[in-house]
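Results of the structural survey
Given next are the chains, with one letter for each unit.
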Amino acid sequence: DNVPVPLWAAGFNFCAGECGKEVPYPEMPHLFFGEEAAYAAMLYTHGYDFFAPPRSVLYHLWSRKHRPNFRDIEVSPEEKAAREAQKIKSTKSARRLCAGEDPDGLLGTARSATEFAAAVGADFGRRTLRAGAA
C-alpha cells in the first residue's frame, strides 16, 4: 500500500485531471525552491492527501554537472535583475501561502494552513521545523 506523506513533489505526482482544474498550479516565475511547498499547502487546504510508493520506483539525478540548466543561460544584466526581483516576489508569495496568508484566494477551505503546517511539522512564519519533521 502507498504511504501517506505530508508534502507534494512536482517531479513525481499523479492525480485526476480535476485536481489541476480545481487547484491550478501557482504562477511563481523564477522560483525553483518553494513552489512545491506552496502548492502542497494549496492542495492540502482543498482536501487533497499525498501518498508515496512504499519503495523507490524511480531515481532523480540531482547533479546537473553533466548538462546546463536554465540558470546557465546568459542574459543581460537588466534581465538578470528583473528575474531576481521576480524570484524574490515569488518566494514571498510561496512563504505567505504556506503561512496561511492568502490575499489571492488560492488556499481552500477543507482544511486550514495551520493544519498543513502541523502535518508537515513546520512553523512557516518562523521558518523552523520540529525535530523529526518531513
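Here is what the cut-offs are and how they apply
Within any chain, residue numbers begin from 1 and follow the written order of that chain's sequence. Where local features are concerned, this predicted model is filtered to residues with pLDDT of at least 70; where side-chain atom pairs are given and counted, the filter is 80 or more; whole-chain, interface and lining totals use all residues. Each side-chain value is derived from all of the structure's non-hydrogen atoms; neither hydrogens nor water enter the calculation. The helix and strand labels rest on DSSP assignments: H or I over at least four residues marks a helix, E over at least two residues marks a strand, and numbering proceeds from the N terminus. Summary of the burial criterion: residues with accessible area below 20% of their type's maximum are buried, those above 50% are exposed, and those between are partly exposed, where the area comes from a 1.4 Å probe applied to protein chains only. Whether two residues touch is decided by their heavy atoms; if any such pair falls within 4.5 Å, the residues are in contact. The Shrake-Rupley method, run with a 1.4 Å probe sphere, supplies the accessible areas, and residue values consider only the shown protein chains as cover. Think of it this way: Lys and Arg go in the positive column, Asp and Glu in the negative one, and His and the chain ends go nowhere. Charged groups are reduced to one reference atom each: NZ for lysine, CZ for arginine, CG for aspartic acid, CD for glutamic acid. Put simply, two rings from Phe, Tyr or Trp (the six-membered ring, in Trp's case) pair if the centres are within 6.5 Å, and we call them stacked under 30 degrees between planes, edge-to-face over 60, tilted for the rest. The rule for a charge over a ring is simple: NZ of Lys or CZ of Arg within 6 Å of the ring centre, and within 35 degrees of the ring normal. Note on terminology: disulfide denotes any pair of cysteine sulfur atoms within 2.5 Å. To define axes, lines are fitted to C-alpha atoms, for helices over the stretch in contact only, and angles between the resulting N-to-C directions are given on a 0 to 180 degree scale. Two helices that cross are described as forming a left-handed crossing if the nearer one is turned anticlockwise from the farther one by less than a right angle, and a right-handed crossing if clockwise. By the convention adopted, Pro, Cys, Tyr, Trp, Phe, Met, Ile, Leu, Val and Ala count as nonpolar, Lys, Arg, Asp and Glu as charged, and the other residues, Gly among them, as polar. The directions from the helix axis to the C-beta atoms form the arc being described.

**Observations regarding the overall build of the chain**
Of the regular secondary structure elements, the chain holds 4 helices and 4 strands. Based on the C-alpha atoms only, the size of the chain along its principal axes is roughly 45 × 40 × 35 Å. Out of the 134 residues in the chain, the part that is buried amounts to 24%. Considering only contacts within the chain whose residues lie at least 6 apart along the sequence, 71% involve residues at least 24 apart. As presented, the chain carries roughly 9500 Å² of accessible surface, and 54% of it is formed by carbon and sulfur atoms. Of the charged side chains in the chain, 17 are positive and 17 negative; the average position of the first set lies 6 Å away from that of the second.

**A few points about the packing of aromatic side chains**
What characterises a pair of aromatic rings is the spacing of the ring centres plus the angle enclosed by the ring planes. Under the criterion given, the structure shown has 6 aromatic pairs. With a centroid separation of 4.8 Å and an interplanar angle of 75°, the aromatic rings of W8 and Y39 are classed as edge-to-face. With W8 in the loop between β1 (3-5) and α1 (17-22) and Y39 in helix α2 (residues 35-45), this pair connects stretches of sequence that are 31 residues apart. On the accessibility criterion, W8 (14% relative accessible area) is buried. Its relative accessible area of 5% is what places Y39 among the buried residues. Their ring planes at 55° and their centres at 5.6 Å tell us that Y44 and F116 sit as a pair that is tilted. Here F116 lies in helix α4 (residues 113-120) and Y44 lies in helix α2, a separation of 72 residues in the sequence. No difference in accessibility class separates Y44 from F116, as the two residues are buried. Each residue in the set W8, Y25 and Y39 is aromatic and connected to the rest through ring pairs, giving one cluster. In this structure, R111 packs its charged tip against the face of Y44, placed 3.7 Å from the ring centre.

**Some thoughts on the state of the cysteines**
In total, this model carries 0 disulfides according to the counting rule given. There is no disulfide at C19, and the cysteine sulfur nearest it, in C15, is 3.7 Å away. C98 forms no disulfide, and the closest cysteine sulfur to it belongs to C19, at a distance of 16 Å.

**As for the packing of α2 against helix α3 (residues 77-98)**
Their axes nearest at 8 Å, the elements α2 and α3 cross at an angle of 35°. In this structure, α2 crosses over α3, and the sense of that crossing is left-handed. Two secondary-structure elements touch here, α2 through A37, A38, A41 and M42 and α3 through A94, L97 and C98. Residues belonging to the contact of α2 with α3 are distributed by class as follows: 7 nonpolar, no polar and no charged.

**Comments concerning α4**
Residues of α4 that are buried: A113, F116, A117 and V120. Buried residues of α4 fall within an arc of 100° about the axis and therefore sit on the same side. Immediately beyond the C-terminal end of α4, within one or two residues, lies G121, with a positive phi of roughly 90°.

What is shown is where atoms sit, not what they do.
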